[in-house]
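Observations on the three-dimensional arrangement
So the chains spell out like this:
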Amino acid sequence: MRPPLVVGNWKMHGAQTQASTLARAIRRGVKSFRRVEVALAPPFTALGTVGKIIQGSRVELAGQNVYWENEGAFTGEVSPTMLRALGCRFVIVGHSERRRLFNEGDEAIAKKMLASVRAGLRPILCIGETLAERQKRLTYRILSRQLRAGLKGLGKNGIETFEVAYEPVWAIGTGRNASPEQVSEAHRWIRGMLGTLCGKKVAKEIRILYGGSVRPDNAPQLAATEEVNGSLVGGASLRAPDFLRIIRSFASPSARQ
Ligand code: PGA
């Protein structure tokens, strides 16, 4: 298994000055950590600035969204090749806010996954159930649909070139994170499903990140939870000391001091 991956999803925060200050602090702070990968996903407008600041460091750049065509008359969209040209290695695809607020459906998400992989980006496919779905015991039906749909177009070549983020919608930005039992149960289930879809050998290598109200105080427990291979952090990634403490929880023990 590759090292854990911790991604800071800044969402629609981080105009130029704030973005520079934050990126500089993260770059400095991660120097001593070992065996952990870190990526920052600022808004599109700050990708260039943040990219320059983290250049040559171990911090990677990620897009928060992407379109599936490389160029054309698609006002307001950004293509996978444009993200690559700015130095992005990752891109978040199918975040629940995109699904819910911008009506992104499974079909669009599948296209985004495929276009990202083709452009050489590693998409982070977000999946997760709402509270109502969990209460109706539909969690695994939803995760199954989202996972199958998201990976549908990839074929053999795209396999192993993506990450999965389990983000229960009821835990995002609510301060209410899933319990370690709920997380490990979901992650084990996702691993099993990936085995069915991609083969067991490949499935073992796919990182499954957890996201939803991850904070410095709950990160150590999450990092120690079975089948958790990193985290997608929203709110807490906007404060450098908090984000660094979260990263430290996922770094290998010898480097946590
Ligand atoms: P949160 O967001 O950490 O603010 O809950 C997580 C996410 O949306 O990726």
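Just so you know, these numbers come straight off a predicted model, no measurement behind them. (Residues numbered from 1 in each chain as written. Predicted model: local features only at pLDDT ≥ 70, side-chain atom pairs only at ≥ 80, totals over all residues. Heavy atoms only, no water.)

Points about the packing of aromatic side chains
- One pass over the structure, following the stated rule, counts 4 aromatic pairs.
- Between Y67 and F74 the ring centres are 4.8 Å apart and the planes differ by 40°, which places this aromatic pair in the tilted class.
- We classify Y67 as buried; its relative accessible area is 14%.
- A relative accessible area of 33% means that F74 is categorised as partly exposed.
- Seen from their ring centres, Y166 and Y210 are 6.3 Å apart, and the 55° between their planes marks the pair as tilted. (Phe/Tyr/Trp six-rings, centres within 6.5 Å; stacked < 30°, edge-to-face > 60°. Buried < 20%, exposed > 50% of the residue type's maximum accessible area, 1.4 Å probe, protein only.)

Focus on the site of the ligand
- Close contacts around the ligand come from 13 residues, with K11, H95, E167, G173 and S213 the closest.
- Here an oxygen atom of the ligand and a side-chain polar atom of K11 are 2.7 Å apart.
- Between the ligand and G235 there is a distance of 2.8 Å, counted from an oxygen atom to a backbone nitrogen or oxygen.
- Summarising the interface, the protein chains cover 95% of the accessible area of the ligand, which totals 280 Å² for the free molecule.
- Given that more than half its atoms are within 2 Å of the pocket grid, the ligand belongs to the second largest pocket. (Near = heavy atom within 4 Å. Polar contact = N/O pair within 3.5 Å; in protein donor to acceptor, adjacent residues only side chain to side chain. Areas by Shrake-Rupley, 256 points an atom, 1.4 Å probe, with all protein chains shown as cover. 1 Å grid on protein atoms, 1.4 Å probe; cavity = no way out; pocket = protein on both sides within 12 Å on 5 of 7 lines; lining within 4 Å. Sits in = over half its atoms within 2 Å of the grid points.)

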